[in-house]
Structure formats: structure tokens, C-alpha cells
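Spelled out, the chains give:
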Amino acid sequence: MGAWDVSVFGNDDAADFLFEFDDAPTLAEVVPTLEDALDTALEATPELDAMDGAVGMAAAALVVSWDNPTMLGSEEGESLAPWPRSPELLPPHLATKAAQVLDRLHQADGNELAELWEEAGRTTDYQAELTRWRSRLP
């Protein structure tokens, strides 16, 4: 049975995405993985499917937690240890993309993930999780 929770890493797609960082110990290896996930979520038209939305949300959360690692829960923090992977700063454009992804995920139209949480009666919880991460970005 799959994991399905409103927390950013509480679903199988986001959890699987975390495994991509097992062999990415440097900034040069982390940045393309984050950027690909963010771009996929931003470029999906006309509808952002649930998997790409969940992975985009996880990528945005990892961008946020680069400067705020305490935002990661203990389970995610342990599986990603160390996070951040490097003392180097992430390129600033990743924070911009992360904010755009989280903003898109806030919109119900064309967003399968939001539709699924609405059907489950958990829209408020889903929106709160998005806001928690978005509030840390400009």
C-alpha cells in the first residue's frame, strides 16, 4: 500500500524522489536534479499531474531546507543526511522556481494534486503545507 499524506514528503512519489540524492553528494549533482523537478512542474500544461506536482513540491521543499534544514522532519533529515549537501549556496534562480511551483500548486485549476486533496476533504491541510514552505521564500 502506498503512502498518501499531505506532508511534503508523505507520499510515494516524493519519497522516491529523495532517493535521487543518495548518489548526489555535491552541489553540482544536486542542482540539476532539483531544477529538473521544478521545471517539470512549471512546464506541465494544460494540467499538472499529481506525481509531477508531488515531486515539484518536494523539490521546492528541498530548496527551502537548503538554508533551513530544521524544516525537514527527522525522517527526511536522516534519509538526506547531510542536507544541505554542501556549504555552497544554491543558485538564486532555484528559490524563484521553487516559489513559482508552490504558487502553482496553490491553484486548484489544472492541478491534479489539489483535486485529489479536495476529493479527500483535505484541501485546508494541503494548502497549509504549501504555505508552510512558501512562507520561507521571497
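Before reading further, recall that the structure is shown in the block above.
Keep in mind it's a predicted model, so treat the numbers as computed, not measured.

Colleague: Even after reading the chapter, I still don't get the pattern of salt bridges, so can you show me in this structure?
Modeller: For side chains bearing opposite charge, pairing can occur when the charged atoms are close. Counted by the stated rule, this structure contains five salt bridges. Here Lys97 ties to Asp39 by a salt bridge, and the two come within 2.6 Å at their closest N and O atoms. Residue Lys97 is found in helix α5 (residues 92–106), and its partner Asp39 is found in helix α2 (residues 27–43); the two are separated by 58 residues along the sequence. Linking Arg134 and Asp103 is a salt bridge whose minimum nitrogen-to-oxygen distance equals 2.8 Å. One end of the pair, Arg134, is in helix α7 (residues 123–134); the other, Asp103, is in helix α5, with 31 residues separating them in the sequence. Relative accessible area serves as the criterion here: at 31%, Asp103 is assigned to the partly exposed category. In this structure, a network of salt bridges that share partners links the residues Glu35, Asp39 and Lys97.

Colleague: Teacher, can you tell me more about α7 here?
Modeller: Think of an α-helix as 3.6 residues a turn; residues three or four steps apart then line up on the same face. Given a rise of 1.5 Å per residue, 12 residues ought to cover 16 Å, and the 16 Å separating the end C-alpha atoms of α7 matches this to within 8%. For α7, the complete set of buried residues consists of Tyr126, Glu129, Leu130, Trp133 and Arg134. Taken around the axis of α7, the buried residues stretch over an arc of 130°, which confines them to a single face. Buried-residue contacts for α7 involve α3 (50–67), α5 and α6 (112–119).

Colleague: Please clarify how the nonpolar core should be interpreted in this entry.
Modeller: Within the largest apolar cluster, 47 residues are counted, with the highest numbers of intra-cluster contacts made by Phe9, Phe17, Phe21, Leu34 and Leu62. Tallying contributions element by element places α3 first for this core, with 12 residues. Aside from chain neighbours lying at most four places away, what touches Phe21 is Val30, Thr33, Leu34, Leu62, Leu80, Trp83 and Arg85.

Conventions used here
- Residues numbered from 1 in each chain as written.
- Predicted model: local features only at pLDDT ≥ 70, side-chain atom pairs only at ≥ 80, totals over all residues.
- Heavy atoms only, no water.
- Salt bridge = Lys/Arg side-chain N within 4 Å of Asp/Glu carboxyl O.
- Helix = DSSP H or I, 4+ residues; strand = E, 2+ residues; numbered from the N terminus.
- Buried < 20%, exposed > 50% of the residue type's maximum accessible area, 1.4 Å probe, protein only.
- Expected span 1.5 Å × (residues − 1).
- Arc of directions from axis to C-beta.
- Contact = heavy atoms within 4.5 Å.
- Core = buried A, V, L, I, M, F, W, Y, C linked by side-chain atoms within 4.5 Å.

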